[in-house]
Amino acid sequence: MRKIRILLADDHKLIRGGLRLLVEQQPDLTVVGEANDGRETVALAKSLKPDVVVMDIGMPNLNGIEAALQITQANPEISVVMLSMHSDESYVLRALKAGAKGYLLKDSAESDLIKAVHAVAEGKSFFSPAVSKVLLDDYVRKLKRSGAEDAYDLLTPREREILQLVAEGKSNKDVANLLNLSVYTVETHRSNIMEKLNLRGIPELILFAVRRGIIS
Amino acid sequence: MRASTSPNAAAPPTSAPDLQSSEHSKKLRRLLLISFGWLLALLIGAGVDALFSVRRLDRDSQEVSRRFTARNHALGTIIVSVRIYDDQIERFLLQDQLQESAPDPADLTNKIAAVRAALLEFPPDRDPDEQLLLAAMQQQLQEQETSCAIVQAWRADLRQQRAYQFIGQQLIPWRTRIFALSAQISSLDERKLALENLAVATRFQMLESRLVWLVSLSLIAGVLMSLVCGWYILRLEREGRLRYDALSRSRLELEGLSARLVEAQEEERRAISRELHDEVGQSLGALLVEVGQLSKLVPPEDRVTQGQIDHIKSVAESAVKSIRDIALLLRPPMLDDLGLVPALEWQAREISRRSDMEVEVHSQNVSEDLGDETKVTVYRLVQEALNNAATHASAKNANVTIVQNSDKITVEITDDGHGFDPARQRGMGILGMEERVRRLGGTFKIESAPGKGATVKAELPLHKADSP
């Protein structure tokens, strides 16, 4: 079986060492490189072509978000997992917009890293449970205070199904095949979902899905 | 802190000369006041003196001419009455020759009484010469009265016989004597008039010269005092200018100082925050990873060790959390990682999580690459205003609006809290906001009133580097 090749990027050697230790205990994972800052990460990703880049958000010389954007634009097949101290949606949304597939809180890196790497390597998304919780709390509090109703309740069961599949990273064609629908129908459902939830773009849709615990 | 002592250190040496010069000016002012008082008194005195002198001179000169006229008149009356009497007595004596109706002898007595009355009419304020001449006249009159009585007693034939003789030898010489006396008095009076007029003229000249002297004295004193005043005013002006210069210089220094303080504070916070996050935070993060490894190495049956490890983990986790909170407060990495608007949104949610206040952020046209100073200023402004609204004003809702135009960025934070009076309550927080905004050349305004919520508004000019 082919091992999943991982590039670790963090400006702190201690952290990198800890992460490497975690990864190398897994038989199907291997670390192919370590980077110290954003620029080095972009360069190594280009030359090493890893399957997964695990990267800290706050790094010198190009921060993690910019680096993620450059990597996913140049090599869409590389999956990026963001490591961050912040569970705020500003960060999550920026990471998603930069093309990251996973978002891990550093506190829970030790327990979730392996799951996250496996998930994104399979093309799925992964978010630390703590992130989903914070996002959901914010969302619920806001609904409560403004008195508005939860837009999720407006969705039909079919739309919820499609929302989940799209958020998991499936293309319209995959969704159509899975649900035995035409691509055109899936397209229509998708635009209805976006309109009902008042979302702009896939990153916001994924954020919404994470917030509601539809994906993790 | 060292820099802040320098303007204060300059203050004490300037205060001693200040005191001295104020003492000096007090003396000078008193001197000027007294001098002006004297000058004024001099002028008023001169004016009053001139007025009274002129009036007195006028009165005296009128008195002189009145006395002269009165004497003249009296002399005239005497001469006329003498002429009338003379005429009457002539007609009485020549009544037979002229074949006229004879005048009444009683009338003659009347006429002589008129002469006597005219003599008495002469003004009583006589000098000795006058008195002498008048006495002579009186004498003449008495003699005439006596001879008149004799003439009246004459019978007609005696009268016819002696009439011409009496007229030629008695009456005409008497008349001539009276007239000579009168001419003497008159010339005496004229001489006196001339003398008195001369005296008045002399007094007038004296008054004139006294006035000229007083006026020139006042003029000289006035010019001297004007010079002193001018010099004093110039000195005051120069002092005022110097003081103003010093004031504006120290204000500039103070502004520079507070700007440097804000800068230093921001730099310090950034350094501490980086240090905490990079060194302590990362070490703790690594520690957590290691502890996780450790717990895997210990068999799950060893409950005691596992418990110890879990405890270590939770202590480390809470340390990580506190350090993160502190670092975030000091310098939110969001500003560098995400840009201004997401950082503000983060801030808004952070406050919503911590307090009962819901914050909404609206942004319009805000560019991603604003200058660091502008970003930090807006961020701190919003942070301070929201903290005030949540903690002091117990607001339930707050709105942050940030709009960027071609040359400026406008931030407005409104809340529905219980408000305050911005003219009276100005804490360090507000002063800090104002200082930050002024440092960048912007304008800062707070609108609030008790019970009316509050609006904090700032406009920051954008430099070329900040424009999109």
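Rules used in this analysis
Residues numbered from 1 in each chain as written. Chains lettered and ligands numbered in written order. Predicted model: local features only at pLDDT ≥ 70, side-chain atom pairs only at ≥ 80, totals over all residues. Helix = DSSP H or I, 4+ residues; strand = E, 2+ residues; numbered from the N terminus. Buried ≥ 20, exposed ≤ 12 C-beta atoms within 10 Å, placed from the backbone. Contact = placed C-beta atoms within 7 Å. Pairing = 2+ DSSP bridges. Axes fitted to C-alpha atoms, helices over the stretch in contact; angles between N-to-C directions. pLDDT = per-residue confidence, 0-100.

Undergrad: In this structure, what is going on with the overall build of chain B? I would like to understand it.
TA: What chain B contains, in helices and strands, is ten helices and five strands. Residues counted as buried form 21% of the 468 residues belonging to chain B. Long-range contacts, defined here as pairs at least 24 residues apart, represent 75% of the contacts in chain B between residues at least 6 apart.

Undergrad: Just to check I follow, could you spell out the sheet that holds strand β1 (residues 4–9) of chain A for this structure?
TA: Strand pairing in a sheet is mediated by backbone hydrogen bonds. Such pairs are either parallel or antiparallel. Residue and element names in this part refer to chain A. Read from one edge to the other, the open sheet built from six strands follows the order β2-β1-β3-β4-β5-β6, with strand pairing classed as parallel. Two strands in the sheet have a free side with no partner beyond their single neighbour: β2 (29–35) and β6 (126–127). Across the sheet, helix α1 (residues 13–24) touches β1, β2 and β3 (52–56), and the angle it forms with β2 is around 165°.

Undergrad: I would appreciate a short explanation of the sheet that holds strand β4 (residues 443–448) of chain B in the present structure.
TA: All names here are of chain B. Sheet architecture is open: five strands sit in the order β1-β2-β3-β5-β4, paired in mixed fashion. Of all the strands in the sheet, the pair left with one neighbour each is β1 (358–364) and β4. If you compare each strand with its neighbour and ignore which way they point, the axes differ by 10° on average. Of the pairings in the sheet, the one linking strand β3 (residues 408–415) to strand β5 (residues 454–461) comprises eight bridges and is antiparallel in character. Paired with K408 across the two strands is P461, which belongs to β5. With respect to the sheet, helix α9 (residues 372–391) is in contact with β1, β2 (397–404), β3 and β5, its orientation differing from that of β3 by roughly 10°.

Undergrad: Help me understand the confidence of the model for chain A, please; the structure alone is not making it clear to me.
TA: Low-pLDDT stretches of the model should not have their predicted coordinates read in fine detail. Chain-level statistics for chain A give a pLDDT mean of 88 and a share of 99% at 70 or above. Confidence, read as mean pLDDT per element, is least for helix α6 (residues 129–146) of chain A in chain A (81) and greatest for β1 of chain A (94).

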